[in-house]
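Per-entry structural report
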Amino acid sequence: FSSRRRHTRLQGDWSSDVCSSDLFPQYAAFCDRYFRNHWTLKAEMTCAFLAVAILLKKLVSLSRDRQALVSISFEEETLGDQVTGVVDRAQQLSATIVSSHPKLVGTRWVRRVLDVCDYLSQSRSTEGLENHLRYRADLAVEGLSGSYSLVRTITWAIPILGFLGTVIDRKS
C-alpha cells in the first residue's frame, strides 16, 4: 500500500479500498464521481443502495408469496369425501395447508387463507365473512403501505442530501 492509501485506511475511508482502480479499472470514473468526493455523495449512494436492497428483498418475498398461492390446492378432491359443510371444509383446508406446506405458512397469502379458515371455524357460519374480508383487506393495505415507509423516507432524503452537498460545495 502506498502512504496515501495507508493514511486513508486509518481515517476509515473504505471507498478507497472498495473502488480501487486496481480492482475495477473500468469503473474508476464512476467510483471517483460517486464515492471519492464529498460525504453527501457517499450518503446519497448509501441511501440509494439501501433502497434498492429493500426493494430486492420485497421482490424475493413476492416470488415466495406467489409460489405459496400457486402451490395451495383449493380443489375438493384434495380435501377428501368426508367434508360436507363450509366449516368442515375450512378446518380441513387449514390442516392441509399447515401439514403440506409448513415453510410457506409465514407468507402473506397463506396467512390470509388461514385467517379466513380460522374465522369460519370460530363463527361456525359464513355470516359476516364479507365484512371480515374487507377488514382484513384494509389491514393488508395499511401493512403494505407501511412496509414502504423506509423507501419513501430514503427517496425523500436523497434530493435533500444532494442540495446540501451543493450548498456546502458552493461555500467552500
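Residues numbered from 1 in each chain as written. Predicted model: local features only at pLDDT ≥ 70, side-chain atom pairs only at ≥ 80, totals over all residues. Heavy atoms only, no water.

**Regarding the overall build of the chain**
- For the chain, the helix and strand inventory stands at nine helices and zero strands.
- Listing each helix as α and each strand as β along the chain from the N terminus yields α-α-α-α-α-α-α-α-α.
- Taking all 172 residues of the chain together, 26% fall into the buried category.
- Residue pairs at least 24 apart in sequence account for 50% of intrachain contacts in the chain once pairs closer than 6 positions are excluded.
- Looking at the chain as shown, the accessible area adds up to about 12200 Å², and 60% of this sits on carbon and sulfur atoms. (Helix = DSSP H or I, 4+ residues; strand = E, 2+ residues; numbered from the N terminus. Buried < 20%, exposed > 50% of the residue type's maximum accessible area, 1.4 Å probe, protein only. Contact = heavy atoms within 4.5 Å. Areas by Shrake-Rupley, 256 points an atom, 1.4 Å probe, with all protein chains shown as cover.)

**A word on the nonpolar core**
- One finds Leu 93, Ile 97, Val 110, Val 113 and Cys 117 to be the most contacted residues of the largest nonpolar core, which totals 13 residues.
- For this core, the secondary-structure elements that each account for two or more residues are helix H6 (86–100) and helix H7 (108–123).
- Among the elements that make up this core, the one with the highest residue count is H7 (six residues).
- If you look at the next biggest cluster of nonpolar residues, it comprises six residues, including Cys 47, Ala 51, Val 151 and Ile 154. (Core = buried A, V, L, I, M, F, W, Y, C linked by side-chain atoms within 4.5 Å.)

**Concerning helix H4 (residues 39–71)**
- Over its 33 residues, H4 runs 48 Å from end to end, which matches the ideal 48 Å to within 8%, given 1.5 Å per residue.
- Buried residues of H4: Thr 40, Leu 41, Glu 44, Met 45, Cys 47, Ala 51, Ile 54, Lys 58, Asp 65 and Ala 68, and no others. (Expected span 1.5 Å × (residues − 1).)

**A closer look at the pattern of salt bridges**
- Applying the stated criterion to the full structure yields three salt bridges.
- One salt bridge in this structure joins Asp 115 and Arg 136, with 3.1 Å as the shortest N-O distance. Here the residue Asp 115 occupies a position in helix H7, and Arg 136 occupies one in helix H8 (residues 129–147), the gap between them amounting to 21 residues.
- Salt-bridge contacts for Glu 130 lead to Arg 134; the nearest nitrogen and oxygen are separated by 2.5 Å. Pair noted here: Glu 130 and Arg 134 are both in helix H8, with a separation of four residues, about one helical turn. (Salt bridge = Lys/Arg side-chain N within 4 Å of Asp/Glu carboxyl O.)

**A word on the environment of Arg 112**
- Note on placement: Arg 112 falls in helix H7.
- Since its relative accessible area comes to 32%, Arg 112 is described here as partly exposed.
- Sequence spacing of Arg 112 and Ala 140 is 28 residues, and the spatial spacing of their C-alpha atoms is 9.2 Å.
- Apart from the residues within four sequence positions on either side, Arg 112 is in contact with Arg 136, Ala 137 and Ala 140.

In short, the description is geometric, and any link to function would need to be established separately.
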